[in-house]
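Here are the chains, one letter per residue:
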Protein chains: 2
Amino acid sequence: MEYRNISQLLEKVKKSGRRKRLAVAAAADAHVLEAACRAYEENIVQPYLIGDRPKMEALLEELGLSLPQEYLIHEPDVDRAARAAVALVREGQADYLMKGLLNTSNMLRAVLSRDGGLERTGTLSHMSINELPTYHKLLVVTDAGILIQPTLEEKAAIVRNAVGALRAMGYDCPKVAALAALEKVNPKMPETVDAAALKQMNQSGALEGCVVEGPISMDLVMDAEAAQIKGYQSPVVGNADILLVPNIACGNILNKSLRCLARSQQVGIVLGAQVPIVLTSRGATAQSKYLSIAVTAAMV
Amino acid sequence: MEYRNISQLLEKVKKSGRRKRLAVAAAADAHVLEAACRAYEENIVQPYLIGDRPKMEALLEELGLSLPQEYLIHEPDVDRAARAAVALVREGQADYLMKGLLNTSNMLRAVLSRDGGLERTGTLSHMSINELPTYHKLLVVTDAGILIQPTLEEKAAIVRNAVGALRAMGYDCPKVAALAALEKVNPKMPETVDAAALKQMNQSGALEGCVVEGPISMDLVMDAEAAQIKGYQSPVVGNADILLVPNIACGNILNKSLRCLARSQQVGIVLGAQVPIVLTSRGATAQSKYLSIAVTAAMV
C-alpha cells in the first residue's frame, strides 16, 4: 500500500467508520476551529478543544459553525491547556494531539514533562508529508523540526519514527533515501558516512520494515533516467517514500522550498511520543490544518 | 537591473553585438557540440572546441551541423584538452571556459595548476542560476558544488563571487539571503551565527555591492505575507536574488529539488578563477548546455 495523494488517504480515513479522538491545546483560533469542525462533520474526529471557551464560542458563532458542548473545554492559560490535552491522552480519552495557538517548545514541554507528560517510545522527531504536483506519490521529509544535528543513532530513530508512522497508515515497506550530495562515502562529509551505516543497519536487520538506500543524491532519488546514466540501481531510485535529510537546516530549507516553490500541500507531525502530535504553523490556513488533522488520523 | 527569466538575459547577450570567446575542454559530445553550434549561430560565442577532432567532425555531420575549421582543435586526451582550454584563457584568446566530457575534478585541476593554470581571484565556488515558474525573477543558489563545509571567511568569498557575477550581468545591488532554519542566532546552529556575521559585514562595508539578510528562513525569503505575520522586515523578504546555503549537502539537495520538483531551468557555473567556468552535468540536455553557455556569456 502506498498513497498517490492526500485525497486517497482521506478516503481511507473516512471509510474506517471510527472517529479518532483528537485533543487540541490552545484551540481558540479561527483556523483551528474551522479545521476541527470540518474533520468532525466528516466523521473523522471527536475533537476536544481546550482553550478560552467564551472566545471559542464567539469564534464558532462568527464562522457559523457549531459543535456539541462537551467538546469545548475551558482553559484560557495556554500552558495549562497543553497539559490538559496531554492528560486526555494519558487517561486514554484521546488518540492524538494537536498544537493550537502556542509555541512548539511549550507544547513539547507539556508532552515531555516527567510529571504528567507522555511516555516516549523513542527520540522525538518531525516529519512533513508532501503532496507534490511533480511526484507520483506522497513524499515524507524528516527531520526538519526537532533534532539540530542528529547523530547516527538519532538518525536511526528518525527513520524508525517515520517508517512506523507510514506503516500505521498502511504502507508495507516504505522506501527511505538517506540523502547526501553524492553517492560515495566521503570522510569529510559525515552525512555520507551515516547514510552508508544506515543502509548497512537496514540490511542487517537493525532497521526493519523498510528499504534504506544511501548515500544517494536527490536527482538519483527523483530521476530514474539520471540514475541509469550513472549506473546506479536501487528500489529507492525514482520511488522514495521518505527522504532523510542530514540536519535541521537542510530539512527546513528543503521543506519550505517544497511549499513555496514546488507547490507542496504539506502536513507536519511530531513523532516519537506515545501518540502523534499535529504541528502546523500558526499562520497555516484552515485547509492546511484540516488536512493535517485528517492525515494524522490515519496513523492512530 | 534584474532579470525576470533567462530569455530576458539572452536578449541582452544577443544585443551586445560582441561574440564571447569560449574554450570547451573535451568537447567530443553530441550535446556539447549542438549547444556550442547554436550559441555560435546566434552570434553569442566564438567556440573553441578542444577534443578528438575526427570524432567531433563525425558528430557534427550526424547532427547536420557545421563550424569553421579553426574552431575544432584536436586533442584526444581529456586532461591535455583541459590544459589547452586553460592555456587559451591565459594567452588572452578565450573569455571563459566550459567543461565538456570530463570529471569536474580533472577540469579544476587544470584550472588550479601552479604550472599553466589560471589566476585565482579568490576562493572557487559554484553557483546555480534558476528560472522557476513559481518565482518572479532569476534565483541563484550557492555554493552547492565546491566547498563542503565553508567557514565564515569562505562564505564571505562565496557571496562576493556570486554578487560579482550578477553585477557583471548588470545587477545593481543583488539581495542575498543567508539561509538558516530560523531567524534567531542559536549557538548550536553555526549557520545562524555565520549569517548574522555576514549581515554585519555587509552593513559595515566588508561585503560590498549587495544587501545581505540573515539568519533568515526560506519561507520568509519567499513569502512576504509569512514575513509580515512574523513582523520580519527586510528588503530581501519576497525578493532575494541569491540564496547562500549552509553547506554543500544542503545546497545540492536544494538545487536538485528545484530541478526535479520545482521545474527549474538550471544553469551551473564555477566562479572565483580568472574567468567563469560553465559546469553542466554530463547527462544534461543540449538545451540546458546551450543556456549555460549563453547565460555565462553575459558575465564576461
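Up top is the structure.
Residues numbered from 1 in each chain as written. Chains lettered and ligands numbered in written order. Predicted model: local features only at pLDDT ≥ 70, side-chain atom pairs only at ≥ 80, totals over all residues. Heavy atoms only, no water.

Student: What exactly am I supposed to notice about the pairing of strand β8 (residues 211-216) of chain B here?
Tutor: Moving residue by residue along a regular strand, the side chains alternate between the two faces of the sheet. All names here are of chain B. Taking burial as the measure, the six residues of β8 include five buried ones, the bulk of the element. Of the strand pairs in this sheet, strand β7 (residues 175-179) and β8 are connected by four bridges, and their pairing is parallel. The residue of β8 that forms the bridge with Ala177 is Glu213. A crossover links β7 with its parallel partner β8, the connecting element being helix α7 (residues 190-203), and its sense is right-handed. (Buried < 20%, exposed > 50% of the residue type's maximum accessible area, 1.4 Å probe, protein only. Helix = DSSP H or I, 4+ residues; strand = E, 2+ residues; numbered from the N terminus. Pairing = 2+ DSSP bridges. Right-handed = clockwise from strand over helix to strand, strands pointing away.)

Student: Teacher, can you tell me more about the relation of the copies chain B and chain A here?
Tutor: Related by rotation about an axis and a shift along that axis, the two copies of the chain form a pair. Mapping chain B onto chain A calls for a rotation angle of 180 degrees and an axial translation of 0.0 Å; the resulting RMSD is 0.0 Å. The symmetry that links the two subunits is that of a two-fold axis. Of the residues that chain B buries at the interface, 100% are likewise interface residues in chain A, meaning the two copies contact each other through the same surface. (Least-squares fit on C-alpha atoms with pLDDT ≥ 70 in both. Contact = heavy atoms within 4.5 Å.)

Student: In this structure, what is going on with the packing of helix α6 (residues 152-168) of chain A against helix α7 (residues 190-203) of chain A? I would like to understand it.
Tutor: The geometry of a pair of packed helices is captured by two quantities: the angle between their axes and the separation between those axes. All names here are of chain A. Direction vectors running N to C along α6 and α7 enclose 55 degrees, while the axes themselves pass 10 Å from each other. What the angle tells us is that α6 and α7 run oblique. Between α6 and α7 lies a crossing whose hand is right-handed. Residues Leu152, Lys155, Ala156 and Arg160 of α6 pack against Glu191, Asp194, Ala197, Leu198 and Met201 of α7. Residue composition of the contact of α6 with α7, grouped by class: five nonpolar, no polar and four charged. (Axes fitted to C-alpha atoms, helices over the stretch in contact; angles between N-to-C directions. Parallel < 35°, antiparallel > 145°, perpendicular 65-115°, else oblique. Left-handed = near helix turned anticlockwise from the far one by under 90°. Nonpolar A, V, L, I, M, F, W, Y, C, P; charged D, E, K, R; others polar.)

Student: How should I be thinking about the side chain of Gln8 of chain A in this particular structure?
Tutor: Mapped onto the elements of the fold, Gln8 of chain A is located in helix α1 (residues 6-15). Those residues in contact with Gln8 of chain A that sit more than four places away from it in its chain are Met1, Glu2 and Tyr3 of chain A.

Student: Can you help me understand the interface of chain B and chain A in this one?
Tutor: Interfaces are often described in size by the accessible area the parts lose on coming together. Counting residues at the interface gives 35 residues for chain B and 35 residues for chain A. Taken together, the two surfaces of chain B and chain A that pack against each other cover about 2800 Å², and 75% of this comes from carbon and sulfur. There are four salt bridges connecting chain B and chain A. For Lys256 of chain B, the salt bridge is made with Asp219 of chain A, and the minimal N-O distance between the two is 3.3 Å. Linking chain B to chain A there are six residue pairs in polar contact (both at pLDDT 80 or more). Secondary structure elements with two or more residues in the side of chain B that touches chain A: α8 (218-222) and α10 (248-261) of chain B. Per-class residue counts for the side of chain B that touches chain A are 22 nonpolar, seven polar and six charged. (Buried area = accessible area lost by both parts, 1.4 Å probe. Salt bridge = Lys/Arg side-chain N within 4 Å of Asp/Glu carboxyl O. Polar contact = N/O pair within 3.5 Å; in protein donor to acceptor, adjacent residues only side chain to side chain.)

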